[in-house]
Amino acid sequence: MTRNVHLMPGRRLRPAHALLLATAFTGVASTAAFAETLSVTGIAPAAGAYGLSVPSVEIVDGNLDEAQVRALFTGAEGTLAPLATLTAKSVTIPALTFNYAVDASATEPLALTYHNLVLNDVVDGVAASATIEGADFTAGEGTKGTLGEMSVGHFDLGGLLGFYGLAPAATGTEIKEVYSDFRFAGGTFGAGDLFSCTFGPAEVGGFSARPLKYNMAEIQSLIVEAEAAQTAGTPVPPEDVRKIALFYTDLLTAFSSSPMSLDGIDCSGKDENGKPMAFSIGEIAADGFEPAKYPAVSVDDLKIDVADEGHVNVGNFTWKKMDFSTAIAIIEAATTLDEAFFEANWRKLVPAMDGFSIAGLDVDTPDPEKPGERIKGTMGSFDATLGNYINGIPADITLRLGNFILPLTEEMTDLPVADLRARGIEQLDVSVGTSLKWDQASSTITADDVTFDLGSLGKLTLSGTFGNATDALFGDDNDAAMLAAQMITLKDVTLDVEDRGIGSILVAMGARDAGQPEEAFRTAVAGMAQGLTLAFLGNTTEALTAAQQLGTFLQGASHLKLTITSKDEAGIGLADLAAAETNPAALAGKLDVVAVADGEPVVLPLVEQSATTGQGQGNAEGETVQDQKRNLKNTQ
């Protein structure tokens, strides 16, 4: 049996209802025993901001009548409720179109049309599967695009309605699956000759939710009123601010999802100067959402290339997880959300961010401040890992920069470029890092693996323990926090130095500036360091041994490990360290020092180049290594 019904325009369709209706019919369903087809045609565009147009709806063996179908598109309160108990063999909408202005300045509205929306085997508001054949859209300035097929393997219409508070008895705290196995075939997006993009398939394992505690229509009205108040320069009532804030805290805790992925974006077009450019991304992947937690998002193979200009490539960028739990708890416990509240609690509202990382950075672009010059460099990796947040401040911090490659240029006046190049070094390979962890129980901060690594030149590693690091460091009182920082003590520190050749360069530079032979300069520096060591530590057997080992390192040993420990378990305070700047003896008797120097000397020789005759060793003009040394000395 087939029934044809013409659906006439109804009341104004609320934006929330229009959006939800589109969502519902883009993936929902079950079975029933009504052997007839209800066909509703002649549906005129619904009045409202979203300009919804539904030419026809067909329901096979369904439990909705003509009046209920018509009501779905009126936007009247409660009219979407029948979807929560819908039963039908199938529901088909050949086309569903939205026409609305993206913003007030838009010259043309956005027109978005979904094609062939089908819900299969719907039982009591749950569809066994749902598909959309595709979609297309147009907007101003020639913007247009297409969307490929979308599908889900399970769709709970009642659960979706409940999430938005539009289903009967939409209450409860249990998070239930709304849809599963979402798949999207990809699409295109462009604007005439300006740009064109393609994006690959996307997948989401599933989405689960519980009913929201607040009425979405009421919150939308409050948001509109708040925006109008801000535009007019009038304050938003604190009670409205609180309702809006509580809605968002409720929303952040009301759903979860499985991991999701998008298989790449590829764009081409022109930059602001009309030059061809290309932009592409490999895979975009995100972990699943959790209540109050935003997942880690990873982007692979980001590339930006402008013709005749340069490029920026990033192998991977990852924004790590963010936890809003503390901020949500603070907002929910507040009775008033006014300016005074935010001034007093802004740090507590900072989400606990786990950090971010970058890998495979490659930059070659014009220097905007120096015409004709370029910014070039590569970086293996950078990672920032944050944790143990105390009052909005991470008490555990790990930073790592790996293999930052910096080509040497003549403009780097702060570096001994000539000395480095004379030894065949054309670029610096820099890696740095640090790890700081605060322990509340012992009021200590542990610094571990503080590293400065110059690759083939040398490496310095530092670790230590700081005492008297109290909770006041993280308090709201900035003056008290600063005072607490000044009360921190140094309990121990270990310095590990590997000289892979940087020492020979520094000695050569120093000797040249002092007008001394290198060996004489080394002896003088070693003697000075030994004297200062004894001045600091006093004339003890331990101090003499440490001074001797330090002298051995400065005389050419390639490795030094130096450990300094406070005799007082509480540590050495800033006052003691400050006094030592003018009186080295201020630290005498207060420190235990152990130094060990070993390893064969490492010398980076001057590069030997063949003469143009091919005989002997020298540069292109036939200079010998000794000639190069003399010339290098004379040019400094």
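What you see as residue numbers is a count from 1 along each chain, following the sequence as written. For this predicted model, a pLDDT threshold of at least 70 governs which residues receive local features, and a threshold of 80 or more governs which side-chain atom pairs are given and counted, while totals over whole chains, interfaces and linings are taken from all residues. For side-chain calculations, the full set of non-hydrogen atoms in the structure is used, while hydrogens and water are omitted.

Chemist: Can you lay out the nonpolar core for me, pointing to particular residues and giving the numbers?
Modeler: If you look at the biggest cluster of nonpolar residues, it comprises 53 residues, and the most contacted ones within it are Ile59, Leu86, Leu96 and Tyr114. With six residues, the single largest contributor to this core is strand 5 (residues 110-123). Setting aside anything within four residues of it in sequence, one finds leucine 86 in contact with Asn63, Leu64, Val91, Val122, Val123, Asp124, Gly125 and Leu157. By nonpolar core we mean a set of buried residues, namely Ala, Val, Leu, Ile, Met, Phe, Trp, Tyr and Cys, connected to one another through side-chain atoms within 4.5 Å. Residue exposure (1.4 Å probe, protein chains only): buried if accessible area is under 20% of the type maximum, exposed if over 50%, otherwise partly exposed. Leu537, Leu587, Val593 and Ala597 belong to the second-largest nonpolar core, a separate cluster that totals 14 residues. Strands are runs of DSSP state E lasting at least 2 residues, helices are runs of H or I lasting at least 4, and numbering of each runs from the N terminus. Contacts are assigned to residue pairs with any non-hydrogen atoms lying within 4.5 Å of each other.

Chemist: How would you explain the pattern of salt bridges if you had to name every residue and give the values?
Modeler: A carboxyl oxygen of Asp or Glu within 4 Å of a side-chain nitrogen of Lys or Arg is what we treat as a salt bridge. Considering all chains together, one arrives at 17 salt bridges under this definition. Between arginine 512 and aspartate 419 there is a salt bridge, with its nearest N and O atoms 3.1 Å apart. Taken together, the residues arginine 512 in helix 10 (residues 502-514) and aspartate 419 in helix 8 (residues 417-422) connect sequence positions 93 residues apart. In terms of burial, arginine 512 and aspartate 419 fall into one category: buried.

Chemist: Can you lay out helix 12 (residues 541-554) for me, pointing to particular residues and giving the numbers?
Modeler: To estimate the expected span of a helix, count its residues, drop one, and scale the result by 1.5 Å. Given a rise of 1.5 Å per residue, 14 residues ought to cover 20 Å, and the 20 Å separating the end C-alpha atoms of helix 12 matches this to within 8%. Those residues of helix 12 not exposed but buried are Ala543, Ala546, Ala547, Gly551 and Phe553. Down the axis, helix 12 shows its buried residues gathered within 155 degrees of arc, on one side only. Against the buried residues of helix 12 lie strand 30 (489-499), helix 11 (518-537), strand 31 (559-566) and strand 32 (591-598). At the C-terminal side of helix 12, glycine 556 shows a positive phi close to 140 degrees. The arc in question is formed by the directions pointing from the helix axis toward the C-beta atoms.

Chemist: Mind laying out the sheet that holds strand 23 (residues 352-353), listing which residues take part and the relevant values?
Modeler: Strand order in this open sheet of three strands is 19-22-23, and the pairing throughout is antiparallel. Among the strands making up the open sheet, the edge pair consists of strand 19 (293-294) and strand 23. In this analysis, strands are considered paired if DSSP registers two or more bridges between them.

Chemist: Before we move on, can you summarise the packing of helix 11 against helix 12 with the specific residues and values?
Modeler: Angles shown run from 0 to 180 degrees and are taken between the N-to-C directions of axes, each axis being a line fitted to C-alpha atoms and, for helices, limited to the stretch in contact. Taken N-terminus to C-terminus, the directions of helix 11 and helix 12 make an angle of 155 degrees; their axes are 9 Å apart at the nearest point. Judged by the angle between their axes, helix 11 and helix 12 are roughly antiparallel. Between helix 11 and helix 12 the crossing geometry is right-handed. Touching Arg522, Val525, Ala526, Ala529, Gln530, Thr533, Leu534 and Leu537 of helix 11 are Ala543, Leu544, Ala547, Gln548, Leu550, Gly551 and Leu554, all from helix 12. Angle categories: roughly parallel below 35 degrees, roughly antiparallel above 145, roughly perpendicular from 65 to 115, and oblique for all the rest. Crossing handedness is read from the near helix: turned anticlockwise from the far helix by less than a right angle, it gives a left-handed crossing, and turned clockwise, a right-handed one.

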